[in-house]
Amino acid sequence: QVQLVESGGGLVQAGGSLRLSCAASGRTFSSYTMGWFRQAPGKEREFVAVISNWSGGNTYYADSVKGRATISRDNAKNTVYLQMNSLKPEDTAVYYCALAYNFARRPMSAMAEPQTYNYWGQGTQVTVSS
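For clarity, every value in this text was computed on a predicted model and none was experimentally measured. (Residues numbered from 1 in each chain as written. Predicted model: local features only at pLDDT ≥ 70, side-chain atom pairs only at ≥ 80, totals over all residues. Heavy atoms only, no water.)

What follows deals with the overall build of the protein chain. Looking only at helices and strands, one finds zero helices and 11 strands in the protein chain. If you list the helices and strands of the protein chain from N to C, you get β-β-β-β-β-β-β-β-β-β-β. What you see for the protein chain is a C-alpha radius of gyration of 14 Å, in line with the 14 Å of a compact globule of 130 residues. Here the protein chain holds 130 residues, and 46% of them are scored as buried. The long-range share in the protein chain, meaning contacts at least 24 apart out of those at least 6 apart in sequence, stands at 60%. Roughly 6,600 Å² of accessible area belongs to the protein chain as shown, and the carbon and sulfur atoms make up 45% of that amount. (Helix = DSSP H or I, 4+ residues; strand = E, 2+ residues; numbered from the N terminus. Rg over C-alpha atoms; globule rule 2.2 N^0.38 Å. Buried < 20%, exposed > 50% of the residue type's maximum accessible area, 1.4 Å probe, protein only. Contact = heavy atoms within 4.5 Å. Areas by Shrake-Rupley, 256 points an atom, 1.4 Å probe, with all protein chains shown as cover.)

In structure tokens form, the structure reads like this:
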């Protein structure tokens with residue numbers, strides 16, 4: 001069983017930055033692909049970013065955050081991060097991290113669907129004021 005715990009959310013003004021963290025339990029964190037999703041009120045959960053567990057961490061981003069977000073991981077700390085800069089009010093959402101086995105090493109562009117993930121955290125609220 002894997003547990004994921006997000007932190008780092010909060011209230012920030014437009015143009016500001018936040019770094020979200022997601023700590024995972026278990027000893028095989030380095031074996032898993034890790035993703036970030038978000039869900040705004042009344043909207044479906046949407047993909048934000050994903051990082052692989054091979055080749056130094058291949059990454060893939062949603063167009064809506066490309067150039068403003070950076071996903072990274074620290075396998076020694078069992079933690080994945082999402083750095084968000086130049087935040088906009090439309091970035092307001094609950095942000096979730098997710099873990100995928102992805103033992104077939106599917107490309108990161110194929111990991112944008114929620115159903116490809118095996119475990120989810122409880123989420124952390126990000127609110128961007130205008």
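Moving on, there is more to tell.
If you look at the biggest cluster of nonpolar residues, it comprises 41 residues, and the most contacted ones within it are Leu 4, Met 34, Trp 36, Ile 71, Val 80, Leu 82 and Tyr 95. Sorting the residues of this core by element identifies β3 (18-24), β4 (33-39), β5 (46-51), β7 (69-74), β8 (79-84), β9 (93-100) and β11 (124-129) as the ones contributing at least two each. Among the elements that take part in this core, β9 stands out by supplying six residues, more than any other. (Core = buried A, V, L, I, M, F, W, Y, C linked by side-chain atoms within 4.5 Å.)

Taking strand neighbours across the sheet as the criterion, the four strands line up as β1-β3-β8-β7 in an open arrangement whose pairing is antiparallel. With one partner strand each, in any of the chains shown, β1 (4-7) and β7 form the two edges of the open sheet. This sheet shows a mean twist of 15° between the axes of neighbouring strands, independent of strand direction. In terms of strand pairing, β7 meets β8 through six bridges, oriented antiparallel. Each residue of the ladder has a partner; that of Ile 71, found in β8, is Leu 82. (Pairing = 2+ DSSP bridges. Axes fitted to C-alpha atoms, helices over the stretch in contact; angles between N-to-C directions.)

Now for the state of the cysteines. Across all of its chains, the model carries one disulfide by this definition. At a sulfur-sulfur separation of 1.9 Å, the disulfide partner of Cys 22 is Cys 97. Note that Cys 22 is positioned in strand β3 and Cys 97 in strand β9, a separation of 75 residues in sequence. One exposure class covers both Cys 22 and Cys 97, and it is buried. (Disulfide = S-S within 2.5 Å.)

The subject of this paragraph is the packing of aromatic side chains. In total, this model carries nine aromatic pairs according to the counting rule given. With a centroid separation of 5.1 Å and an interplanar angle of 85°, the aromatic rings of Phe 37 and Tyr 117 are classed as edge-to-face. Of this pair, Phe 37 sits in strand β4 while Tyr 117 is found in the loop between β9 and β10 (119-120), placing the two residues 80 residues apart along the sequence. Using a relative accessible area of 0% as the deciding quantity, one classes Phe 37 as buried. On the basis of relative accessible area, Tyr 117 is assigned to the buried category, the value being 7%. Among the aromatic residues, those joined into a ring-pair cluster are Phe 37, Phe 47, Tyr 60, Tyr 117 and Trp 120. Against the face of Trp 120 rests Arg 45, its NZ or CZ located 4.8 Å from the ring centre. (Phe/Tyr/Trp six-rings, centres within 6.5 Å; stacked < 30°, edge-to-face > 60°. Lys NZ or Arg CZ within 6 Å of the ring centre and 35° of its normal.)

If you trace the backbone, Gly 121 turns up in the loop between β10 and β11. What makes Gly 121 buried here is its relative accessible area of 7%. Along the primary structure Gly 121 and Tyr 96 are separated by 25 residues, whereas in three dimensions their C-alpha atoms are 5.8 Å apart. Sequence-distant contacts of Gly 121, that is, excluding residues within four places in its chain, are made with Leu 4, Glu 6, Tyr 96 and Cys 97.

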